[in-house]
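Architecture at a glance
Here's the letter readout for the chains.
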Number of protein chains: 2
Amino acid sequence: MTETNGKHDGGHIGVAVLGLGNVGSQVVRIIEEDAADLTARIGAPLVVRGIGVRNADRDRGVAPELLTDNIEALVSRDDVDIVVEVMGPVDPARKAILTALEHGKSVVTANKALMAVSAGELAQAAEHAHVDLYFEAAVAGAIPVIRPLTQSLAGDTVLRVAGIVNGTTNYILSEMDSTGADYASALADASALGYAEADPTADVEGYDAAAKAAILASIAFHTRVSADDVYREGITKVTAADFASARSLGCTIKLLAICERLTDGDGQQRVSARVYPALVPLEHPLAAVNGAFNAVVVEAEAAGRLMFYGQGAGGAPTASAVLGDLVMAARNRVQGGRGPRESKYAALPVAPIGVIPTRYYVNMNVADRPGVLSAVAAEFAKREVSIAEVRQEGMVDGGGQRCGARIVVVTHRATDAALSETVAALADLEVVSSINSVLRMEGTSE
Amino acid sequence: MTETNGKHDGGHIGVAVLGLGNVGSQVVRIIEEDAADLTARIGAPLVVRGIGVRNADRDRGVAPELLTDNIEALVSRDDVDIVVEVMGPVDPARKAILTALEHGKSVVTANKALMAVSAGELAQAAEHAHVDLYFEAAVAGAIPVIRPLTQSLAGDTVLRVAGIVNGTTNYILSEMDSTGADYASALADASALGYAEADPTADVEGYDAAAKAAILASIAFHTRVSADDVYREGITKVTAADFASARSLGCTIKLLAICERLTDGDGQQRVSARVYPALVPLEHPLAAVNGAFNAVVVEAEAAGRLMFYGQGAGGAPTASAVLGDLVMAARNRVQGGRGPRESKYAALPVAPIGVIPTRYYVNMNVADRPGVLSAVAAEFAKREVSIAEVRQEGMVDGGGQRCGARIVVVTHRATDAALSETVAALADLEVVSSINSVLRMEGTSE
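Please read all numbers here as calculations on a predicted model, not as lab measurements.

Below, the discussion takes up the overall build of chain A. When its secondary structure is counted, chain A shows 14 helices and 19 strands. With 446 residues in all, chain A has 59% of them scored as buried. At a minimum sequence separation of 6, the contacts of chain A that also span at least 24 residues come to 74%.

A few words on the interface of chain A and chain B. Between chain A and chain B, the residue contacts involve 48 residues of the former and 48 residues of the latter. Of the roughly 4100 Å² buried at the junction of chain A and chain B (both faces included), carbon and sulfur atoms supply 52%. Inspection of the chain A/chain B interface yields zero salt bridges. In this assembly, chain A and chain B are joined by 18 residue pairs in polar contact (both at pLDDT 80 or more). Looking at the side of chain A that touches chain B, the elements that each hand over two or more residues are helix 2 (35-42), helix 6 (146-152), strand 14 (304-311) and helix 12 (315-334) of chain A. Here the side of chain A that touches chain B is composed, by residue class, of 23 nonpolar, 14 polar and 11 charged. The pairing of strand 14 of chain A with strand 14 (residues 304-311) of chain B spans three bridges and is antiparallel. Paired with Y309 of chain A across the bridge in strand 14 of chain B is M307 of chain B.

To continue, consider the domain arrangement of chain A. Residues and elements named next belong to chain A. Annotation of chain A at the domain level lists domain 1 (3-141 + 316-334), domain 2 (146-311) and domain 3 (353-441). Summarising the inter-unit geometry, the C-alpha centres of domain 1 and domain 2 are found 28 Å apart. Taken residue by residue, the interface counts 18 residues in domain 1 and 17 residues in domain 2. Per-residue buried area on domain 1 facing domain 2 is highest for A116, E136 and V139; these three make up 37% of the total on that side.

What follows covers the sheet that holds strand 5 (residues 67-68) of chain A. Residues and elements named next belong to chain A. The sheet built from six strands is open, its strands ordered 5-4-3-6-7-8 with parallel pairing. Each edge of the sheet is formed by a strand with only one pairing partner; in this case those strands are strand 5 and strand 8 (133-134). Pairing between strand 3 (residues 13-18) and strand 4 (residues 46-52): six bridges, direction parallel. If you follow V15 over to strand 4, its bridge partner there is V48. Of the strands in this sheet, strand 3, strand 4, strand 6 (82-85), strand 7 (106-109) and strand 8 touch helix 12, which is tilted by about 170° from strand 6.

This part is about the packing of helix 4 (residues 90-102) of chain A against helix 5 (residues 112-129) of chain A. Residue and element names in this part refer to chain A. Direction vectors running N to C along helix 4 and helix 5 enclose 10°, while the axes themselves pass 9 Å from each other. Looking at the two axes, helix 4 sits roughly parallel to helix 5. Facing V90, A93, R94, I97, L98 and L101 of helix 4, the residues of helix 5 in contact are A113, L114, V117, S118, E121, L122, A125, A126 and A129. Its residues assigned to classes, the contact of helix 4 with helix 5 comprises 12 nonpolar, one polar and two charged.

Moving on to the relation of the copies chain A and chain B. Each copy superposes on the other: chain A lies on chain B with an RMSD of 0.1 Å after a rotation of 180° and an axial shift of 0.0 Å. Accordingly, the operation relating the two chain copies is best matched by a two-fold axis. Considering only C-alpha atoms, the residue of chain A closest to the rotation axis is F308 of chain A, which sits at 2.4 Å. Interface overlap between copies is the fraction of interface residues in one copy that are interface residues in the other; for chain A against chain B it reaches 100%, indicating a shared surface.

Next up on the list: helix 12 of chain A. Residue and element names in this part refer to chain A. Taking 1.5 Å per residue, 20 residues should reach 28 Å; helix 12 reaches 28 Å between its end C-alpha atoms and fits that length. Most of helix 12 is tucked away, with 18 of its 20 residues classed as buried. Phi turns positive one or two residues past the end of helix 12, at G336, with a value near 75°.

Once that is clear, we can look at the UniProt feature "domain: ACT" (unreviewed entry) in chain A. The feature "domain: ACT" (unreviewed entry), as annotated in UniProt, sits at residues 361-440 of chain A in this numbering. Between the C-alpha atoms that bound residues 361-440 of chain A the distance is 6 Å, and the span itself is 30% helix and 46% strand.

A few words now on empty space enclosed by the protein. Summed over the entire model, instances satisfying the criterion amount to four cavities of 30 Å³ or more. Taken as a whole, the largest cavity encloses approximately 120 Å³ of empty space. Together, 16 residues line the largest cavity, and G339 and P340 of chain A together with Q151, G339 and P340 of chain B are the ones closest to its centre. At the level of elements, helix 6 and helix 12 of chain A together with helix 6 (146-152) and helix 12 (315-334) of chain B are the ones that each hand at least two residues to the lining of the largest cavity.

Here the focus is the confidence of the model for chain A. The predicted model of chain A averages 93 in pLDDT, with 97% of residues at 70 or higher. Below pLDDT 50 for its whole length, residues 1-8 of chain A participates in 29 contacts with residues either more than four positions away or in separate chains.

Right, let's get into the environment of I356 of chain B. Structurally, I356 of chain B is set in the loop between helix 12 and strand 15 (357-366). Each C-alpha atom, one on I356 of chain B and one on S185 of chain B, is 33 Å from the other, the two residues being 171 residues apart in sequence.

If you trace the six strands from one edge of the open sheet to the other, you get 5-4-3-6-7-8 (chain B), paired in parallel fashion. The sheet is open, and its two edges are formed by strand 5 (67-68) and strand 8 (133-134) of chain B, each paired on a single side.

The subject of this paragraph is unusual backbone geometry. Along the chain, G88 of chain A connects to P89 of chain A via a cis peptide bond; the corresponding omega equals -20°. Here P89 of chain A lies in the loop between strand 6 and helix 4. Phi is positive for A347 of chain B, close to 45°, though the residue is something other than glycine. Position of A347 of chain B among the secondary structure elements: in the loop between helix 12 and strand 15.

Residue and element names in this part refer to chain A. Burial runs high along strand 11 (residues 251-263): 12 of the 13 residues are buried. Bridge count for strand 9 (residues 158-164) against strand 11 is four bridges, and the pairing is antiparallel. The partner of V161 across the bridge, within strand 11, is C259. Note that strand 11 and strand 12 (residues 269-281) share 13 bridges and pair antiparallel. Its bridge partner being in strand 12, L262 is matched across the sheet by R270. In this antiparallel pair of consecutive strands, strand 11 and strand 12, the connection spans five residues, and G267 shows a positive phi of 85°.

To continue, consider the layout of surface pockets. All names here are of chain A. Taken as a whole, the second largest pocket holds about 1200 Å³ of empty space. Broken down by secondary-structure element, the contributors of at least two residues to the lining of the second largest pocket are helix 1 (22-33), helix 5, helix 7 (167-179), helix 9 (201-204), helix 10 (207-220) and helix 12. By residue number, the principal contributor to the lining of the second largest pocket is helix 10, which donates four residues. Class assignment for the residues of the lining of the second largest pocket results in 19 nonpolar, 15 polar and seven charged. Two domains share the lining of the second largest pocket, each providing at least three of its residues, namely domain 1 (3-141 + 316-334) and domain 2 (146-311).

The rules behind the values
- Throughout, residues of each chain are indexed from 1 in the direction in which the sequence is written.
- In the order they appear in the text, chains get letters beginning with A and ligands get numbers beginning with 1.
- Per-residue local features are limited, in this predicted model, to residues with pLDDT of at least 70; the limit for side-chain atom pairs, both in listing and counting, is 80 or more; totals at the level of whole chains, interfaces and linings are taken over all residues.
- Computation of side-chain values: all heavy atoms of the structure, hydrogens and water removed.
- Helix numbers and strand numbers start at the N terminus; a helix is a DSSP run of H or I with at least 4 residues, a strand a run of E with at least 2.
- Relative accessibility under 20% of the residue-type maximum defines a buried residue, over 50% an exposed one, and the middle range a partly exposed one, all with a 1.4 Å probe and only protein chains included.
- Contacts were defined at the residue level, with two residues in contact if any of their heavy atoms lie within 4.5 Å.
- The quantity reported as buried area is the accessible area (1.4 Å probe) lost by two parts once they are put together, taken as the sum for both.
- One speaks of a salt bridge when a side-chain nitrogen belonging to Lys or Arg is within 4 Å of a carboxyl oxygen belonging to Asp or Glu.
- Throughout this description, a polar contact denotes any pair of N or O atoms lying within 3.5 Å of each other; where both atoms belong to protein, one of them has to be capable of donating a hydrogen while the other can accept it, and for residues adjacent in sequence the pair is counted only when both atoms sit in side chains.
- Gly counts as polar in this scheme, as do all residues outside two lists: the nonpolar Ala, Val, Leu, Ile, Met, Phe, Trp, Tyr, Cys and Pro, and the charged Asp, Glu, Lys and Arg.
- Two strands qualify as a pair provided that DSSP identifies no fewer than 2 bridges between them.
- A domain assignment, automatic or from a database, supplies the domain bounds used here.
- To get an axis, a line is fitted to the C-alpha atoms, and for a helix only the part in contact is used. The angle between two axes follows their N-to-C directions and goes from 0 to 180 degrees.
- Angle categories: roughly parallel below 35 degrees, roughly antiparallel above 145, roughly perpendicular from 65 to 115, and oblique for all the rest.
- A least-squares fit on C-alpha atoms brings the copies together, and the residues used are those whose pLDDT is at least 70 in both copies.
- Multiplying one less than the number of residues by 1.5 Å gives the expected span of a helix.
- UniProt positions are given in the numbering used here, feature names are shortened, and annotations may be inferred rather than shown by experiment.
- Using protein atoms alone on a 1 Å grid, points that fit a 1.4 Å probe yet trap it form a cavity, whereas open point sets bounded by protein on both sides within 12 Å along at least five of seven lines form a pocket; residues with an atom within 4 Å of a point count as lining.
- Grid points are joined across faces, edges and corners, and a volume is the space filled by probe spheres set on the points.
- pLDDT is a per-residue confidence score from the predictor, ranging from 0 to 100.

And the structure:
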């Protein structure tokens, strides 16, 4: 029951659960229902000592004496060995976890927002206390991603991680793709089905995906990337017309979190972490990841391309990841040790978006007269941006009269800075009446 | 340099590599080329102390003084901490690994044939010596599967594992599917491209996949399943006509390794482990896994369906998995501990194939006259096998004359015993001139 610094007396493993929402209630349920199996796997029984909630007086279907709103007291209890934090958001979770670590408790958290900003501070506290800090559930829910990256690929060199790591936006984009719906009605559907929150900003503006990108980049490249370092664009400007254009180019549109290792001309290594909606060729494995599913593609020097696929959210899937961490932390307690430490030795600078080589898709309305395409193409050429594909079509107004043309350009790879300068210049051209859309294209070899 | 029972003095981590083939040479190369990174991740440098080979006199592109044919002496050296076994087959690898473990060395092996028959004995020896025994590379090459199952899903209940775990047969079947080739010519292509060995028996008869199924079932269900417990059918009887029929049913054909947890009516749990070619619906994620790629689908109670995808063979991908294990074992040495033990507490009996509920696809030639379909259907009904789909088509001989009919039947789920009895009875019917093919169907909900 008591423990000091990772040594355990062989009795029970005491667990404090912070938060009793969707995930927390599943965690508590599985600890109870699968007690015999979990005990056999750990070598000692898990016992929930208390559950931290905001309001301890409400009936929540668990033994009322377990509930407490005094979280600081709960995580400091002598009979607690491991703290499971599934309450979010950053505060008060950060303080509760720091208190737990200071008191020598191992910590399991699903809090991506917190890990994306405070991973360094928390890892240091865990290191100091010689305890475990696990956070598999913070990225891609039930899908094992953190452990494969930190352990299975520990002897390889990861080059790139690209993932669909937000179920809400993937549901919306899949819906737009399959039904031709526009963004607003797909969002409304997602809200009605419970896939989008009342305030969907964190999802649709890419903040959630950016937090996960920061965690993935930190893990994959043995460095520290914070959510603030991640370049971010959301999906709110993606239109039904973009999906139609994408389809005609053999693509769909996905919100991607991309982490890359870049080597400059002089051998200096940098990392890039970015989130944006991008055209993805239909034959790319991420193109087939639909609805609320998540997937992460990892490219490593020796392993080649790996993909991890599954449910990225939801109470039970997230609880599965939390419980995996909990069992591992408990086993380490029973064995009197701790798991492998994070290795953060690289301290790689983060490259700004401007230097990243990407491909652009630009959709614009232009005047329907001779010389327009040439003027448009000249703007690309001036900045040494090579054009891969152009489509031009006439547009007609309500009365059936020609009223201009639409041009879609897909470029080869160029620096993001050159591409965005080109788009700005196009917008200034007298012959261009509007830039309808600018999206990047990913997952192609050019 | 010296170590006793998992405690390390903080100097070098000595490594002995057994085997210098495709995988071994990549392992040695990466240890050298990525030395700085690996040292940072481990906390101490890796040093290759020796390489065990059959003939130490041949030039192999490594420092000749590292080569030795005295494997027993190499794995017993005081300055060796970890033994990497990538020489296969079962013997002499088994003896070398046992000697290494007895001398307190941690062991990393890619030897699926060995792990499928001797996992219990080796795990016991590792437990006794309090050292690590890792074997991620034994299943699905570079794809992290063992660690996700043993760690990430340690708090969940795995219900089913279904995988494409043999690249040679998947290449052959993909080729037959995409080109309409028959088995013999697809095998010849695979041999010419180096995807099939001179004697392809281990691959095409399913022995390799059965070894991996044994390992997966043992890990997933916390029990011991040996290769001999795995029901096994190879792909040599799959025909071009089967692929044509499969396609018309919206399916392709894959060699699957399937591990399932079964609960009898009285609550008794059993496991099933089996390997056979099966029809798989095109919308199933495994249907899209083509060529030499591998994929493993895991279904767990809380996590739902997960998929792991990547390169299942080849020198570099397999080396990636070996090196991940090596870095983890080395980190444990540096930290003076060992990783989590295997948890084998379940001791579940293995169910015979006869009791397994499956679906059958049966393709037969019959006489072209009234009452035939009724006679055929009666044999299914007698054994309470429900028919899901029937296709009958007339056949014409060389002169354009009707010469019989072909019937394809797809059943609903029934016990394998009832299905195989039905097929035997059909073969005895006077109106059935030949049973062309019998394959199972997997990955459907019915």
